[in-house]
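Chain and residue survey
Listed here are the chains, written in short residue letters.
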Amino acid sequence: ASFLTGEVVSAQTNPITSTTRLWAEWDVIPNTQWAPRSIDPSASQDRSIQIFKLQPVFPFRLNDDWTVLTRTIFRFVSSPTADPVIGLSPAGLPAVMGFNQRNQAGLSDISPTAFLVPNLGPNWTVGLGSSVVLPAGDQAIGSGKVSAGPAFLAFHHRGPWIVGARMRNVWSLAGDPERDDINRLVVRGLLRYQLDRSWYLISSPLISSDWTQPEGKGWMVPVGGGVGRSFRLAGQPMQVSLEAYYNAVKPQFAGEELLGDWTVRTQWQVLFPN
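Just so we're clear, the structure is a prediction, and the values are computed from it rather than from any experiment. (Residues numbered from 1 in each chain as written. Predicted model: local features only at pLDDT ≥ 70, side-chain atom pairs only at ≥ 80, totals over all residues. Heavy atoms only, no water.)

**A short note on the overall build of the protein**
Put simply, the rule reads: Numbered from the N terminus, helices here are DSSP runs of H or I no shorter than four residues, and strands are runs of E no shorter than two. Between buried and exposed lies partly exposed: a residue is buried under 20% and exposed over 50% of the maximum accessible area for its type, with that area taken using a 1.4 Å probe on protein chains only. In what follows, residue pairs with any heavy atoms lying within 4.5 Å of each other are defined as contacts. In this description, accessible areas are obtained by the Shrake-Rupley approach with a 1.4 Å probe, and a residue is regarded as covered only by the protein chains that are shown. His is not counted, nor are the chain ends, whereas Lys and Arg count as positive and Asp and Glu as negative. Every charge is mapped to an atom, namely NZ of Lys, CZ of Arg, CG of Asp or CD of Glu.
From N to C terminus, the protein includes zero helices and 13 strands. The linear arrangement of helices and strands in the protein, starting from the amino end, is β-β-β-β-β-β-β-β-β-β-β-β-β. With the C-alpha coordinates of the protein rotated into their principal frame, the extents come out at 80 × 35 × 35 Å. Counting only residues that meet the buried cut, the protein has 43% of its 274 residues in that class. The long-range share in the protein, meaning contacts at least 24 apart out of those at least 6 apart in sequence, stands at 58%. Taken as a whole, the protein presents about 13,900 Å² of accessible surface, with 62% of it coming from carbon and sulfur. Seen as two clouds, the 22 positive and the 21 negative side-chain charges of the protein have centres 9 Å apart.

Right under this line is the structure:
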């Protein structure tokens, strides 16, 4: 039996490459500061970043030995920004007198990734592939760059345990020349323990590094986890989870950590066993 989907499956079935998923995730980072105080002296940690990801996952079985596993991430982001308020300085010259803070929201970057996965049996999933980042948003909510790079995943799943990670590193190849170049590592870990046929514990931190930042100041390392439940709705297998992560290491901008200390995540998956 496999507890990954809450279903009884063949002992030889790989639970990752045998299931199509419609995966939705909502991350909220409260108590975020919109800009360094070197830009806005009145900036404070009173804003929130919200990231909604829609992630369809499709396995395409090529033959008995190989499967192509695809995941495409559509990001919808609400991020704090501000409009400058222009006035006159004491000398009578135009000057920035302050900022009107607001949140900019919309579709951000789209990231399709494909892995070539050999059939190693029910207990291992290992894949190598590539990832592309396509800019769809602008200004605060998008990178403005087309990026690409290698991707890798490895999971061990046996009994109630699933342990592993997927990762990628992308570099900017084209796009807006006025936007910063991209050299970014993203690692999505997974530690999951199925308590029974319905409930499970999960830790799936999203670790990243912006290699363009000096002296390791581009790292983001959350620590935490949560609880999830597998169930059926109108006969359709689903999973939901609620997680919280303490942002133990945060990137710095102009010498300041702008992100809040916590990330709250809600996940919902609709499962279609093949």
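**Section: unusual backbone geometry**
Phi angles above zero are rare outside glycine, and Glu215 is one such case at about 55°. As for its position among the elements, Glu215 is in the loop between β10 (206–210) and β11 (219–233). Positive phi, close to 55°, is recorded for Ala234, a residue that is not glycine.

**Points about the packing of aromatic side chains**
The cut-off we apply is this: Aromatic rings from Phe, Tyr and Trp, with only the six-membered ring used for Trp, were paired whenever their centres fell within 6.5 Å, and each pair was classed as stacked if the ring planes differed by under 30 degrees, edge-to-face if by over 60, and tilted otherwise. Only when the NZ of Lys or the CZ of Arg is both within 6 Å of the ring centre and within 35 degrees of the ring normal is a charge said to sit over the ring.
Considering all chains together, one arrives at six aromatic pairs under this definition. An angle of 55° between the planes, with centres 5.2 Å apart, marks the rings of Trp34 and Phe99 as tilted. Here Trp34, found in the loop between β1 (19–33) and β2 (45–61), pairs with Phe99, found in strand β4 (residues 94–118); they are 65 residues apart in sequence, far enough to count as distant. On the accessibility criterion, Trp34 (17% relative accessible area) is buried. We classify Phe99 as partly exposed; its relative accessible area is 24%. Here the aromatic rings of Trp211 and Trp219 are separated by 5.5 Å at their centres, their planes lie at 85°, and the arrangement is edge-to-face. For Trp211, a relative accessible area of 41% corresponds to the partly exposed category. Taking the ring centre of Trp23 as reference, the NZ or CZ of Arg166 above it sits at 6.0 Å.

**A word on the environment of Arg47**
Here Arg47 shows up in strand β2. For the pair Arg47 and Thr81, spaced 34 residues apart in the sequence, the C-alpha separation amounts to 9.4 Å. The contacts of Arg47, once residues within four sequence positions are left out, are Ile29, Pro30, Asn31, Thr32, Pro80, Gln101, Arg102 and Asn103.

**A closer look at the nonpolar core**
Stated precisely, the cut-off is as follows: Definition of nonpolar core: a set of buried residues of the types Ala, Val, Leu, Ile, Met, Phe, Trp, Tyr and Cys, connected through side-chain atoms within 4.5 Å.
Membership of the largest hydrophobic core is limited to ten residues, which are Ile16, Trp23, Val57, Leu69, Phe115, Val117, Ala151, Leu153, Phe155 and Ile162. Counting residues per element, the ones that place at least two in this core are β4 and β6 (145–158). Per-element accounting of this core gives the leading share, three residues, to β6. Non-local contacts of Trp23, meaning those with residues more than four positions away in its chain, are made with Lys53, Leu54, Gln55, Val57, Arg71, Gln267, Trp268 and Gln269.

**So, the pattern of salt bridges**
Going by this rule: A pair is scored as a salt bridge if a Lys or Arg side-chain nitrogen falls within 4 Å of a carboxyl oxygen belonging to Asp or Glu.
The tally for this structure, following the rule as stated, stands at ten salt bridges. Measuring nitrogen to oxygen at the nearest pair gives 3.9 Å for the salt bridge that ties Lys53 to Glu25. Of the two residues, Lys53 sits in strand β2 while Glu25 sits in strand β1, which places them 28 residues apart along the sequence. Each of Glu25, Asp27, Lys53, Arg188, Glu243 and Arg265 takes part in one network of salt bridges that share partners.

**Quick word on the pairing of strand β7 (residues 161–175)**
Note on strand geometry: in a regular strand, side chains alternate between the two faces of the sheet. Which entries qualify depends on this criterion: Here, a strand pair is defined by DSSP locating no fewer than two bridges between the strands.
Inspection of the sheet shows β6 paired to β7 by twelve bridges, in the antiparallel sense. Within β7, the residue paired with Phe152 across the bridge is Met167. The hairpin formed by β6 and β7 contains two residues between the paired strands, and Gly159 there has a positive phi angle of roughly 60°.

**Thoughts on the environment of Thr113**
Relative to the helices and strands, Thr113 resides in strand β4. Note: C-alpha distance between Thr113 and Ala174 (61 residues apart in sequence) is 18 Å. Filtering out sequence-adjacent residues up to four positions away, Thr113 remains in contact with Leu69, Thr70, Arg71, Ser130, Ser131 and Ala151.

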